[in-house]
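Take a look at the letters that make up each chain.
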Amino acid sequence: MNFGFLKLYIGGALVEANHGGKKTILCPANEKPIAEVAWADEADALKALQAAQLGFKYWSALSLLERTEWMSKLRSAILEKEALLRHAIIHEMGKTYQGSYEDIEAITNALEFYPKAMADIKDQAIPDPENTHKHLMINQAAGVAVAYLAWNFPLLNVGFKIGPALASGCSLIIKPSEISPISSYLLGKILHEIDFPAGVVNILTGPPEKVATTMTKSNIPSVVTMIGSTKTGKQVIADSSSSVKKLSMELGGNAPFIVFEDSKMGAALDLAIGIKFGNCGQICVAANRFFIHENIYDDFLKSYVDRVKKLKLGFGKDSDGDMGPLVNRQGQERMIEIIADATAKGAKIETGGKVPEGYEKGYWFEPTVLSNVTSNMLAYRQEIFGPVAPILKFKTEDEVLKLANDTEYGLASYLFTEDAERQARFANELQFGEVQINGFKYAIYLPHGGIKNSGIGHDCSALALEDYLIKKRVTTTI
């Protein structure tokens, strides 16, 4: 499938990039060209900033009801184009058809949830003990927001930003990843078709050092938000210091998946498949290190390997595949590097470990399980972001807590045990922004955020609105 030439969306118009810049996007499943996209530079970034300034003046002056009506109109238009958008996600990411639905669900849920959440945020009176003044804390839109998005869930990531930004009254510049920009550019076409107010949403991508750096260093944005790697997040923080901006970042993860001997092993095994191999392991909250109690280690490992061997490769609407390819050659080479490092240091490949036969075109990799993993391996230290599951054995609570927390990251963590006291202890002592016990759930109404080097602020839930609002105290003399 080819989506043709897709333009930037700036100031309410679909425009070509400065000097006609273009980039060809390839499908990671077969390396075939699927679109040409307008490829922005510094001039386009500045144009988007100026458009967003004007858009903010208009949008922030609207009532919440008026903003809600526009967001509802956009939501309906997205649902009308669901088939096209899902095809785009499938081909730019190599997703399975089932996997593409999560993006549509997330962005439409966000456009519906955040106006309601914003309506629940009330101005707050502050008591005055001396009774000489009246005080009121009011909420106002912060200003222009710039959002830098990861490539792994193209429209889900848009939804996590566009929902709270628009509901709060902010205008927004979306920079999708240069790896998977097609569905975001198609969103720009949808915004244009429904005559969404000019400048309120702007969409462009290009070289980060030209587009992102220009916008981050500008004094125009009041909010800079992103989903991406910790390395990129640190650079954005440094670049943002040209002015004082609100920052919200969901960054890298290194999630522990801890299974005790008293757990329901069947449930743990089921979830250990989905949270590791869904989206080819390219999920920020993917289980990265599996810690299995020594009493059940052998049984768990055998059962897990048996299940992983049954996973089917494939992508697209007509495939029954469980897992698609990695997003690019760099991701594929990284899996090879991680496995070579692990095996050189004593790990054993239980299944997988290579590019599958017959899949030389595209960026495919076998679902892989490693045993005998130790803490000096890349598979333990770094976020894998691919279909490699490292399995480790532990004996005691103290030991596994130390191992689980032995990382610079602190996004998601998973615990399986029926012991209530142990659940309480681990909920308190695991150093992660999310502790999920005996299962997991992610939804637009549930807070999603990390600690340590995994980020600041929150996506999802009403907490996300706080990243786009400023608090103002109004005091009146009685």
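Whatever comes next refers back to the structure up there.
Residues numbered from 1 in each chain as written. Predicted model: local features only at pLDDT ≥ 70, side-chain atom pairs only at ≥ 80, totals over all residues. Heavy atoms only, no water.

A.B. asks: If you had to explain unusual backbone geometry to someone new, which residues and values would you point to?
C.D. replies: In this structure, His19 is a non-glycine residue whose phi angle is positive, near 60°. Along the chain, the position of His19 falls in the loop between β3 (13-15) and β4 (22-26). According to the relative accessible area criterion, His19 is exposed, its value standing at 77%. Here Glu31, not a glycine, exhibits a phi torsion of approximately 65°, which is positive. (Helix = DSSP H or I, 4+ residues; strand = E, 2+ residues; numbered from the N terminus. Buried < 20%, exposed > 50% of the residue type's maximum accessible area, 1.4 Å probe, protein only.)

A.B. asks: I'd love a proper account of the sheet that holds strand β5 (residues 33-38), names of residues and values included.
C.D. replies: Backbone hydrogen bonds are what pair the strands of a sheet, in a parallel or an antiparallel way. In spatial order, the strands read β1-β5-β4; together these 3 strands make up an open sheet with mixed pairing. Here the strands that pair on one side only, and so sit at the sheet edges, are β1 (5-6) and β4. (Pairing = 2+ DSSP bridges.)

A.B. asks: Can you tell me about the pairing of strand β7 (residues 133-141), naming the residues and giving the values?
C.D. replies: Both strand β6 (residues 124-126) and β7 contribute to a ladder of 3 bridges, which runs antiparallel. The residue bridging Gln124 from the neighbouring strand is Met137, located in β7. Linking β6 back to β7 in an antiparallel pair, the connection comprises 6 residues, with Asn131 at a positive phi of about 60°. Where β7 meets strand β21 (residues 469-477), 9 bridges bridge the pair, whose relative direction is antiparallel. Bridge pairing links Ile138 to Lys472 in β21.

A.B. asks: Can you explain the layout of surface pockets? Please cite residues and give values.
C.D. replies: The calculated volume of the largest pocket comes to roughly 1300 Å³. Secondary-structure elements contributing two or more residues to the lining of the largest pocket are α7 (211-217), β11 (223-227), α8 (230-239) and α11 (329-344). A breakdown of the residues in the lining of the largest pocket according to their chemical character gives 18 nonpolar, 15 polar and 10 charged. Considering only enclosed or pocket space, the second largest pocket measures out at about 1100 Å³ in volume. In terms of lining, the second largest pocket is formed by 47 residues, of which the most central are Gly99, Glu102, Phe153, Leu156 and Ile283. Elements that contribute at least two residues to the lining of the second largest pocket include exactly α4 (97-119), α5 (154-168) and α9 (265-277). If one sorts the elements of the lining of the second largest pocket by residue count, α4 sits on top with 8 residues. Classifying every residue of the lining of the second largest pocket by side-chain character gives 24 nonpolar, 15 polar and 8 charged. (1 Å grid on protein atoms, 1.4 Å probe; cavity = no way out; pocket = protein on both sides within 12 Å on 5 of 7 lines; lining within 4 Å. Points joined across faces, edges and corners; volume = space filled by probe spheres on them. Nonpolar A, V, L, I, M, F, W, Y, C, P; charged D, E, K, R; others polar.)

A.B. asks: Describe the pattern of salt bridges, naming the residues involved and giving the relevant values.
C.D. replies: Scanning the model with the defined rule gives 19 salt bridges in all. Asp459 is paired through a salt bridge with Lys161; the nearest N and O atoms lie 2.8 Å apart. Taken together, the residues Asp459 in the loop between β20 (455-456) and β21 and Lys161 in helix α5 connect sequence positions 298 residues apart. Across the pair, exposure class does not vary: Asp459 and Lys161 are buried alike. A single salt-bridge network, built from bridges that share partners, covers Asp262, Glu397, Asp398, Arg422, Arg425 and Glu429. (Salt bridge = Lys/Arg side-chain N within 4 Å of Asp/Glu carboxyl O.)

A.B. asks: Tell me about the packing of aromatic side chains, residues and numbers included.
C.D. replies: All told, the structure shown has 16 aromatic pairs when counted by the stated rule. Considering the side-chain rings of Trp59 and Phe196, the 5.5 Å spacing of their centres and the 35° angle between planes classify their relative orientation as tilted. Within this pair, whereas Trp59 is found in helix α1 (residues 42-61), its partner Phe196 is found in the loop between α6 (182-193) and β10 (201-203), the two being separated by 137 residues in sequence. A single burial state applies to Trp59 and to Phe196, both of which are buried. The ring of Tyr297 carries the charged tip of Lys393 above its face, separated from the ring centre by 4.8 Å. (Phe/Tyr/Trp six-rings, centres within 6.5 Å; stacked < 30°, edge-to-face > 60°. Lys NZ or Arg CZ within 6 Å of the ring centre and 35° of its normal.)

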